[in-house]
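Descriptive structure summary
In case you want the letters, here they are:
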Amino acid sequence: MEFSVKKFRERAKEMGLKVTPQRIAVYREIVSRKDHPSAEELYETLKGKIEGISLTTVYRTLSSLEKAGFVKRVPTLKDKVRYDARLEPHGHFICKKCGKIVDIEVTLPVSSELLRDVGEIKECSLVCYGICKECRNEKA
Ligand SMILES: [Zn+2]
Ligand SMILES: [Zn+2]
């Protein structure tokens, strides 16, 4: 996915989100990487680049970006919240050993029929757990 400040500004305006250098930087960082970073990982990368940024700022920024619909939380079993800037439906593979999260191009074939008695489906996400290629090779 490509990051465009212009698009970010336009969309932020639509969503009533104030554009700040921190918000641009955090969003740009999430968009540019595919590893679904946590707030801590984003902070580690950004602290050298953005003056005066703190972990608290990163947390707050992520929360505003999430509310405005720029990023999503990746459903994981671990307590750490990871973020994704890719908004269209896709699945995730999570390595149980190194915690890596990789996108997989599957969506759940859940029919509304199936969940008729539960409620109306708005969104489904598929999460697979396993051991990634790198970790598997390490073992061998
Ligand atoms: Zn792994
Ligand atoms: Zn993803």
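Please read these numbers as outputs of a predicted model, since none were measured by experiment. (Residues numbered from 1 in each chain as written. Chains lettered and ligands numbered in written order. Predicted model: local features only at pLDDT ≥ 70, side-chain atom pairs only at ≥ 80, totals over all residues.)

**Considerations on the confidence of the model for the protein chain**
Which entries qualify depends on this criterion: The pLDDT value tells you how sure the predictor is about a given residue, anywhere from 0 up to 100. Helical segments are the DSSP runs of H or I of at least four residues, strand segments are the runs of E of at least two, and each set is numbered from the N terminus.
Of all residues in the protein chain, 94% attain a pLDDT of 70 or more, and the chain-wide mean is 89. Averaged pLDDT values over the elements of the protein chain bottom out at 89 in helix H5 (residues 133-139) and peak at 96 in helix H4 (residues 55-67).

**Observations regarding the packing of helix H2 (residues 21-32) against H4**
Inclusion rule: Only C-alpha atoms enter the line fits that serve as axes; for helices the fit covers just the stretch in contact. Angles between N-to-C directions range over 0 to 180 degrees. By definition in this entry, angles of less than 35 degrees are roughly parallel, angles greater than 145 are roughly antiparallel, angles of 65 to 115 are roughly perpendicular, and the rest are oblique. Residue pairs are scored as contacts if the distance between their C-beta atoms, which are placed from the backbone, is within 7 Å. When residue character is reported, Ala, Val, Leu, Ile, Met, Phe, Trp, Tyr, Cys and Pro are called nonpolar, Asp, Glu, Lys and Arg charged, and the others, Gly included, polar.
Contact pair H2 / H4: the axes reach a minimum separation of 10 Å and the direction vectors enclose 80°. On the basis of the axis angle, H2 is roughly perpendicular to H4. Only Thr57, Val58, Thr61, Leu62, Ser64 and Leu65 of H4 make contact with H2, whose side of the interface consists of Gln22, Arg23, Val26 and Tyr27. A class-by-class count of the residues in the contact of H2 with H4 yields 5 nonpolar, 4 polar and 1 charged.

**Quick look at the nonpolar core**
Formally: For the purposes of this analysis, a nonpolar core is taken to be any set of buried Ala, Val, Leu, Ile, Met, Phe, Trp, Tyr and Cys residues that are connected through C-beta atoms within 7 Å. Counting other C-beta atoms within 10 Å of a residue's own tells you its class, since 20 or more makes it buried, 12 or fewer makes it exposed, and anything in between is partly exposed; those C-beta atoms are placed from the backbone.
By size, the foremost hydrophobic cluster in this structure holds 16 residues, and its most contacted members are Val26, Tyr27, Ile30, Val58, Leu62, Leu65 and Val71. For this core, the elements supplying multiple residues, two or more each, are H2, helix H3 (39-46) and H4. Those residues in contact with Val58 that sit more than four places away from it in its chain are Val26, Ala39, Leu42, Tyr43, Leu46 and Ile53.

**Brief notes about the domain arrangement of the protein chain**
We count it as follows: An automatic or database domain assignment supplies the start and end points of every domain.
Its domain assignment divides the protein chain into domain 1 (5-84) and domain 2 (91-139). Taking only C-alpha atoms into account, the centre of domain 1 sits 23 Å from that of domain 2. Across the contact, 8 residues belong to domain 1 and 8 residues belong to domain 2. Here the side of domain 1 that touches domain 2 is built from residues that sort into 2 nonpolar, 2 polar and 4 charged.

**Concerning the packing of H3 against H4**
Stated formally: Left-handed describes a crossing in which the near helix is turned anticlockwise from the far one by less than a right angle; the clockwise case is right-handed.
Packing of H3 against H4 leaves a shortest axis separation of 9 Å and a crossing angle of 125°. Between H3 and H4, the interaxial angle falls into the category oblique. With respect to the hand of their crossing, H3 and H4 are arranged in right-handed fashion. In this structure, H3 contributes Ala39, Glu40, Leu42, Tyr43 and Leu46 to the contact, and H4 contributes Leu55, Val58, Tyr59 and Leu62.

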